[in-house]
Amino acid sequence: MPLDTLDQTLIKLLKVDARQPIQTLANKLGIKSATVRYRLNRLIDEGIIKIACVTNSQVLGYRSLVVIGINVSPGKAEAVASQLAPMRDVRSVFLTAGRFSILAWILFRDQSDLGDFVSEDLPGISDITDVEIMNSYRWTQYSWSFSACQKEYTQNDLTRLELSIISAMREAPRQSITKLAQTVGCSRAVAKATLEKLIKDGIVKFNAFLDPTNIGYDTGVAIFIKSQPDKIDAVAKKLSAENTETHVNLISGQWHIYFRGHFRSSNHLQSFLVDTLANIPGVIAFDVVHLIKTLKYSVKYFFSPLDLA
């Protein structure tokens, strides 16, 4: 489905705050509220965007994001990926073609948790032949970035009401305060004040996430980039400016930058690699991994490590 200028502007506003009232959005766009409501419902119903309440994992103590590339025995990739996906710490799993059979994103509280995962969890999965671990030490480009928070929280710092509100908002991010109060069993004033505090403290944020595959960007890739040491930040900044829907991480290991994005076609990807990436000052080498199938990638789980069941 092609997006016109109005759709694109509406999505940009929702990325800033996906809970903005319809009338507020209408005022900003200079159109009728009925038109905004129709456009928003269409974007959601057709799978173009997803409205989500995301929890700031770093605030809650999950400060280590690791990208793991996994190779497996022939024909065993999906079976191995299916065993990885349900694991609590694993936030996303992709079947890939290229230097890896599987790419996984995993969040840990600290290096000891990472050590336990590598030494205890991975060995329990048969048919893994090789693993490459890349620590992400900076998230350069994410549409869901959080502002600096007032303090570091843990799950124990949050009240039962706060946890209940987070859980309820994950299920229905744009629900009214009145509905939220009914769901969690408190007054409307308390529900409103508590939700505002969670937002102000940087614990939750409401975002609109664009699904590029539903607007013709069907070629998903992860690109591992090696840069001149003094150019790493500049290269990452340039890549981040290319497209707001991309993901750019600075990582440790033989590669310096992890880039993930979607393209309209193989020709579009080739043009990006030859005309853009190869011409960024400081880029030494890169390796392209095609994302073949997504087994797990949900903003509700990727950025919500709390067990609220």
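Residues numbered from 1 in each chain as written. Predicted model: local features only at pLDDT ≥ 70, side-chain atom pairs only at ≥ 80, totals over all residues. Heavy atoms only, no water.

(A) Broad picture of the pairing of strand β4 (residues 102–108). Counting buried residues in β4 gives seven out of seven residues, a clear majority hidden from the surface. The sheet contact formed by strand β2 (residues 64–72) and β4 spans seven bridges and is antiparallel. In the strand pairing of β4, G69 is matched with L103. Sheet topology places strand β3 (residues 90–97) next to β4; five bridges connect them, and they run antiparallel. (Buried < 20%, exposed > 50% of the residue type's maximum accessible area, 1.4 Å probe, protein only. Helix = DSSP H or I, 4+ residues; strand = E, 2+ residues; numbered from the N terminus. Pairing = 2+ DSSP bridges.)

(B) Geometry of the confidence of the model for the protein. On average, residues of the protein score 87 in pLDDT, and 89% of them reach the 70 mark or higher. Averaged over each element, pLDDT in the protein is lowest for helix α11 (residues 299–302) (46) and highest for helix α7 (residues 177–184) (97). When the criterion is pLDDT under 50, residues 300–309 qualifies, and its contacts beyond four places in sequence or with other chains add up to 36 contacts. (pLDDT = per-residue confidence, 0-100. Contact = heavy atoms within 4.5 Å.)

(C) Fine view of the pattern of salt bridges. If you walk through the whole model with that rule in mind, you get nine salt bridges. A salt bridge links R39 to D7, with the shortest nitrogen-to-oxygen separation between them at 3.0 Å. Of this pair, R39 sits in helix α3 (residues 33–45) while D7 sits in helix α1 (residues 5–16), placing them 32 residues apart in sequence. Within this structure, D4, D7, R39 and R42 form a network of salt bridges that share partners. (Salt bridge = Lys/Arg side-chain N within 4 Å of Asp/Glu carboxyl O.)

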